[in-house]
Amino acid sequence: SYLDGEAFGELRFRVHRASAPDALPDRWPGYDSVDILVIHGYPVDALQDEQLEAILDHARMGGEVVLSPGAAATWLKSPEILRFTGPMVNPYPWV
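Residues numbered from 1 in each chain as written. Predicted model: local features only at pLDDT ≥ 70, side-chain atom pairs only at ≥ 80, totals over all residues. Heavy atoms only, no water.

Here we come to the overall build of the chain. A tally of helices and strands in the chain yields two helices and four strands. Sequence-ordered secondary structure for the chain, helices as α and strands as β, is β-β-β-α-β-α. The buried share among the 95 residues of the chain stands at 21%. When contacts within the chain are restricted to residue pairs at least 6 apart in sequence, long-range pairs at least 24 apart make up 54% of them. Counting only carbon and sulfur atoms, one obtains 54% of the accessible surface of the chain, whose full area is about 7000 Å². (Helix = DSSP H or I, 4+ residues; strand = E, 2+ residues; numbered from the N terminus. Buried < 20%, exposed > 50% of the residue type's maximum accessible area, 1.4 Å probe, protein only. Contact = heavy atoms within 4.5 Å. Areas by Shrake-Rupley, 256 points an atom, 1.4 Å probe, with all protein chains shown as cover.)

Let us look at the pairing of strand β4 (residues 64-68). Note that strand β3 (residues 36-40) and β4 share five bridges and pair parallel. Across the sheet, H40 pairs through a bridge with S68, a residue of β4. Handedness of the crossover joining β3 and β4 through helix α1 (residues 49-60): right-handed. (Pairing = 2+ DSSP bridges. Right-handed = clockwise from strand over helix to strand, strands pointing away.)

Further remarks concern the nonpolar core. By size, the foremost hydrophobic cluster in this structure holds 13 residues, and its most contacted members are L24, Y31, I39, Y42, V44, L47 and I55. Mapped by element, the contributors of at least two residues to this core are β3 and α1. For this core, the element with the highest residue contribution is α1, accounting for three residues. Residues within four places of Y42 in sequence aside, it is in contact with A18, A20, P21, L24, L47 and W75. (Core = buried A, V, L, I, M, F, W, Y, C linked by side-chain atoms within 4.5 Å.)

Right under this line is the structure:
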């Protein structure tokens, strides 16, 4: 990833890219060392319920989670993502 190892002032980025859904933790302590979890166009429907719950628990306990659909904006309507966001007002009705 282009930010891996980069430093900006006192900030240093360490980037890990999960190559497969089974590479993600299935319990919230697995995200303990994560400052910001970015889920970008990831096949969230391929995750196990335990993995989704671990991410949700991480967010409930103050962890930062950024959801980014990438090219597939319909991804935001998936049942897995709605577990994070709840019902949303769609500002883009064409999506």
